[in-house]
Amino acid sequence: MAEVLSLPQVRCRIGDGGARAYLESREPVPPGALTIAALREIIKEAGVVYGLQEDVLARVINEGFDGEPVNIALGDAGIPGKDGRVEYKFEVDAATPHAGSGEDAIYVPRVITSIGAGQPLAVQIPPEPGRPGLGVTGIPVAVRQGKVARLIPGPQTKLSDDKETLMAAVDGCPVRRPDGSVEVQPVVTLPGNLDYTVGSVDFIGSLVVRGDIVGDAVVKVKGSVEVKGNVEDVSIEAGGDVTIHQGFSGHGKGKIHAGGNVSVLYVMNQTVVAEKDIMIGRECINATIDAGGKIHAPRALIAGGKLDAVQEVEVGSIGTMDISSAKIRVGRHGKLLEHLAQVDKDIKQVERQIVEVKEAVYKLVKFKLDTGNLAPDKEQLLLKLQEAQKLLPKRAEGLKAEKAGLEAELQKKSDVRIVVRGAVHKDTMVEVNGVRKFIDSALEGVIFVERAGALEARSV
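A few points on the structure. Throughout, residues of each chain are indexed from 1 in the direction in which the sequence is written. Under the rules for a predicted model, residues below a pLDDT of 70 receive no local features and side-chain atom pairs below 80 are neither given nor counted, while totals for whole chains, interfaces and linings still include all residues. As a rule here, side-chain values come from all non-hydrogen atoms in the structure, and water together with hydrogens is ignored.

## Observations regarding the sheet that holds strand E3 (residues 70-74)
And step 1. At least two DSSP bridges between two strands are needed for those strands to be called paired. Counting from the N terminus, the helices are DSSP H or I runs at least four residues long and the strands are E runs at least two residues long. As summarised here, the arrangement of the three strands in space is E1-E2-E3, forming an open sheet in which the pairing is antiparallel. The strands lining the two open edges of the sheet, one partner per strand, are strand E1 (10-15) and E3. Averaged over neighbouring strand pairs, the angle between their axes works out to 30° when direction is ignored.
And step 2. Here, residues are in contact when the closest pair of their heavy atoms is within 4.5 Å. Every axis corresponds to a line fitted to the C-alpha atoms, with the helix fit spanning only the stretch in contact, and the corresponding angles, defined between N-to-C directions, vary from 0 to 180 degrees. Contacting E1, strand E2 (20-25) and E3, helix H1 (residues 36-46) crosses the sheet at an angle of about 40° to E1.
And step 3. Running over the sheet, helix H2 (residues 54-63) touches E2 and E3 and is turned about 150° from E3.

## With respect to unusual backbone geometry
And step 1. Positive phi, normally seen in glycine, also occurs at aspartate 16, with a value near 55°.
And step 2. Its place among the elements puts aspartate 16 in the loop between E1 and E2.
And step 3. Positive phi values are uncommon outside glycine, yet lysine 163 reaches one of about 65°.
And step 4. Among the structural elements, lysine 163 can be located in the loop between strand E10 (157-159) and strand E11 (165-168).

## Quick look at the nonpolar core
Nonpolar side chains tend toward joint burial in soluble globular proteins.
And step 1. What makes a nonpolar core is a set of buried Ala, Val, Leu, Ile, Met, Phe, Trp, Tyr and Cys residues whose side-chain atoms join them at distances within 4.5 Å. Only protein chains enter the accessibility calculation, which uses a 1.4 Å probe; a residue is then buried when its area is under 20% of its type maximum, exposed when over 50%, and partly exposed in between. Core analysis: the biggest nonpolar cluster contains 62 residues, and Val219, Ile289 and Phe448 have the highest contact counts within it.
And step 2. Ignoring any residue separated from it by four or fewer positions in sequence, one finds isoleucine 289 in contact with Val267, Val272, Ile278, Ile280, Cys284, Ile295, Lys306, Leu307 and Asp308.
And step 3. One finds Val10, Ala38, Val48 and Val136 within the second-largest nonpolar core, a separate group that totals 21 residues.

## Examining the sheet that holds strand E7 (residues 120-125)
And step 1. With antiparallel pairing, the four strands of this open sheet are ordered in space as E4-E7-E11-E10. Bordering the open sheet on either side are strand E4 (85-88) and E10, each of which pairs with just one other strand. On average, adjacent strands in this sheet sit at an angle of 20° to one another, irrespective of strand direction.

## Observations regarding the packing of aromatic side chains
And step 1. Pairing of aromatic rings covers Phe, Tyr and Trp, the last through its six-membered ring, and needs centres within 6.5 Å; plane angles under 30 degrees mean stacked, over 60 mean edge-to-face, and all others mean tilted. Within this structure, the stated rule accounts for one aromatic pair.
And step 2. On the basis of an interplanar angle of 75° and a centroid distance of 5.8 Å, the ring pair of tyrosine 88 and phenylalanine 90 is categorised as edge-to-face.

## So, the pattern of salt bridges
And step 1. The rule for a salt bridge is simple: a side-chain nitrogen of Lys or Arg has to be within 4 Å of a carboxyl oxygen of Asp or Glu. Counted according to the given criterion, the structure contains 21 salt bridges.
And step 2. The salt bridge partner of glutamate 226 is lysine 228, with a shortest N-O separation of 3.1 Å.
And step 3. Notably, a salt bridge pairs lysine 403 with aspartate 344, separated by 2.9 Å at the nearest N-O pair. Of this pair, lysine 403 sits in helix H4 (residues 376-411) while aspartate 344 is found in helix H3 (residues 333-371), placing the two residues 59 residues apart along the sequence.

## Re the environment of alanine 326
And step 1. In this structure, alanine 326 sits in the loop between strand E26 (312-318) and strand E27 (327-330).
And step 2. Relative accessible area serves as the criterion here: at 2%, alanine 326 is assigned to the buried category.
And step 3. In sequence terms alanine 326 and cysteine 284 are 42 residues apart; their C-alpha atoms lie 9.9 Å from each other.
And step 4. Among all residues touching alanine 326, those that are not within four sequence positions of it are Ile302, Gly304, Gly305, Ile318, Asp427, Thr428 and Met429.

## A short note on the packing of H1 against H2
For any two helices packed against each other, one specifies the crossing angle of their axes together with the interaxial distance.
And step 1. One way to put it is that H1 packs onto H2 with a least axis distance of 10 Å and a crossing angle of 125°. Judged by the inter-axis angle, H1 sits oblique to H2. Both H1 and H2 take part in a crossing whose hand is right-handed. The segment H1 lies against H2, with Ile36, Leu39, Arg40 and Ile43 engaging Glu54, Leu57 and Ile61.
And step 2. Classes in brief: Ala, Val, Leu, Ile, Met, Phe, Trp, Tyr, Cys and Pro nonpolar; Asp, Glu, Lys and Arg charged; the others, Gly included, polar. In the contact of H1 with H2, the residues fall into five nonpolar, no polar and two charged. The scheme is simple: roughly parallel for angles under 35 degrees, roughly antiparallel for over 145, roughly perpendicular for 65 to 115, oblique for anything else. Take the far helix as your reference; a near helix turned counterclockwise from it by less than a right angle gives a left-handed crossing, and one turned clockwise gives a right-handed crossing.

## Overview of H1
And step 1. Looking only at H1, the buried set comprises Ala38, Leu39, Ile42 and Ile43. Taken down its axis, H1 places every buried residue within 140° of arc, on the same side. Exposed and oriented more than 90 degrees from the buried face of H1 are Ala37, Lys44 and Glu45.
And step 2. Against the buried residues of H1 lie E1, E2, H2 and E3.
And step 3. Glycine 47 occupies a position one or two residues after H1 and carries a positive phi of about 85°. Taken from the helix axis, the directions to the C-beta atoms give the arc we talk about.

## Quick look at the packing of H3 against H4
And step 1. Where H3 contacts H4, the axes come no closer than 8 Å and their chain directions differ by 155°. As summarised for this structure, H3 and H4 are arranged roughly antiparallel, according to the angle between their axes. For the element pair H3 and H4, the recorded crossing hand is left-handed.
And step 2. A per-class count over the contact of H3 with H4 returns 22 nonpolar, five polar and 13 charged.

## Some remarks on the side chain of arginine 329
And step 1. Inspection of the secondary structure puts arginine 329 in strand E27.
And step 2. Each polar contact in these results corresponds to two N or O atoms within 3.5 Å; when the atoms are within protein, one needs to be able to donate a hydrogen and the other to accept it, and residues that are neighboring in sequence are counted only if both atoms are side-chain atoms. A distance of 2.5 Å separates the side chain of arginine 329 from the side chain of aspartate 308, its partner in a polar contact.
And step 3. A polar side-chain atom of arginine 329 sits 3.0 Å from a polar atom in the side chain of glutamate 338.
And step 4. Residues contacting arginine 329, with those up to four places away along its chain left out, are Leu307, Asp308, Ala309, Val313, Gly334, Lys335, Glu338 and Glu431.

## Some words on H2
And step 1. Among all positions in H2, only Val56, Leu57, Val60 and Ile61 are buried. Within H2, the buried residues cover an arc of 135° as seen down the axis, which keeps them to one side. Within H2, the exposed residues directed more than 90 degrees away from the buried face are Asp55, Asn62 and Glu63.
And step 2. At the C-terminal side of H2, glycine 64 shows a positive phi close to 75°.

## Section: the pairing of strand E25 (residues 294-309)
And step 1. Bridge analysis of strand E24 (residues 278-291) against E25 gives 10 bridges, and the strand direction is parallel. In the strand pairing of E25, alanine 291 is matched with alanine 309.
And step 2. Pairing analysis gives six bridges linking E25 to E26, with the strands arranged parallel. Counterpart to alanine 297 in the pairing with E26 is valine 315.
And step 3. In the sheet, E25 pairs with E27 via four bridges, with the strands oriented parallel. Considered in E27, the bridge of leucine 307 is made with isoleucine 328.

The following block contains the structure:
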């Protein structure tokens with residue numbers, strides 16, 4: 001019969017913070033040297049009450065062990081809590097500073113997106129609690145709890161009253177900084193060119209480009225646009241001003257439409273439309289310029305193209321001996337006459353439609369009375385025609401009221417003029433308040449005005 005080892009030779013040790021229990025001995029334990037009763041007494045004295053691995057105990061009794069630690073009990077480690085997180089409500093792409101440092105650093109978004117004032121930028125998602133574990137001695141084992149994610153307000157942002165939502169304080173482009181804070185840029189500044197790497201822009205704020213705008217991009221902003229360099233065959237639509245410090249040139253595909261003023265050094269082959277004034281510094285070649293206010297270009301050469309302003313056109317020179325002259329128009333009368341002609345055309349079309357619809361309705365109603373019914377498609381057609389009978393007279397009345405308003409505008413006096421500081425070369429067409437004149441010989445320093453339906457040329 002095998003000798004049973006005395007209890008002090010074999011001991012049970014608690015390890016790993018109470019998560020495991022190990023059986024160990026100072027000398028090898030041969031098979032059958034331990035009884036199950038003796039082994040359980042050793043385990044009991046160590047205080048192990050949870051997670052016993054019975055198969056390991058059976059193996060130790062039947063096969064013995066070399067004395068090295070044997071894991072005989074395994075506690076429940078529990079489940080650690082999950083950290084809270086920040087859920088961003090915009091496309092997150094951390095920006096990097098390109099100028100300044102600290103609070104003065106400027107961060108450039110890689111993707112220009114729009115967010116309105118009061119809209120959420122980021123929401124704090126709370127952490128998920130962990131489940132405590134249980135050690136081999138029956139004592140609960142603490143687990144790591146999830147950390148609370150922090151919303152970091154940046155410029156032009158604000159926290160909600162419950163501090164769980166970060167919101168935009170102004171309209172602009174949301175940007176997450178490298179430190180995790182979020183800012184809203186009402187004015188986005190690009191340090192280089194706006195090209196295919198940026199793509200087209202549709203933005204609620206304003207845009208500053210310190211380089212050029214190249215390619216065939218489309219730029220649409222609610223605010224203003226400022227370009228330090230040149231602009232190629234690009235479409236720019238701005239609710240405010242557009243300022244181009246260099247030129248706007250290309251193959252005639254480019255167009256600027258500004259709700260405010262436009263300022264540009266030179267224009268070549270492109271179209272510029274402004275609700276207010278247009279300023280041209282050096283030259284305007286084969287371009288279409290349309291201003292709701294004034295065209296101010298006192299030092300600029302105008303060659304080819306068309307200039308149209310409501311209040312005044314002031315230029316340096318028009319045409320040269322080698323370059324074709326231009327068509328210059330000022331005043332609302334020309335546009336009013338064009339609009340009036342279109343309204344007259346629309347009135348005639350509507351009146352013709354009224355007669356045609358009336359005849360078509362009469363025929364369908366008569367057929368229905370004669371036969372007792374109409375095919376479903378004819379019945380539908382009759383309903384549409386009867387609806388048109390109600391709407392067309394209202395449309396005609398609206399057009400006639402619009403015509404009366406245009407005619408009244410034509411009667412108003414309008415003191416407008418074309419000022420040429422340099423020379424006006426032949427083949428230039430000037431129009432003031434609807435009165436046109438082709439210049440057949442060069443003039444120097446002249447002001448064109450309209451008086452009593454005739455065009456007058458005065459010296460500057």
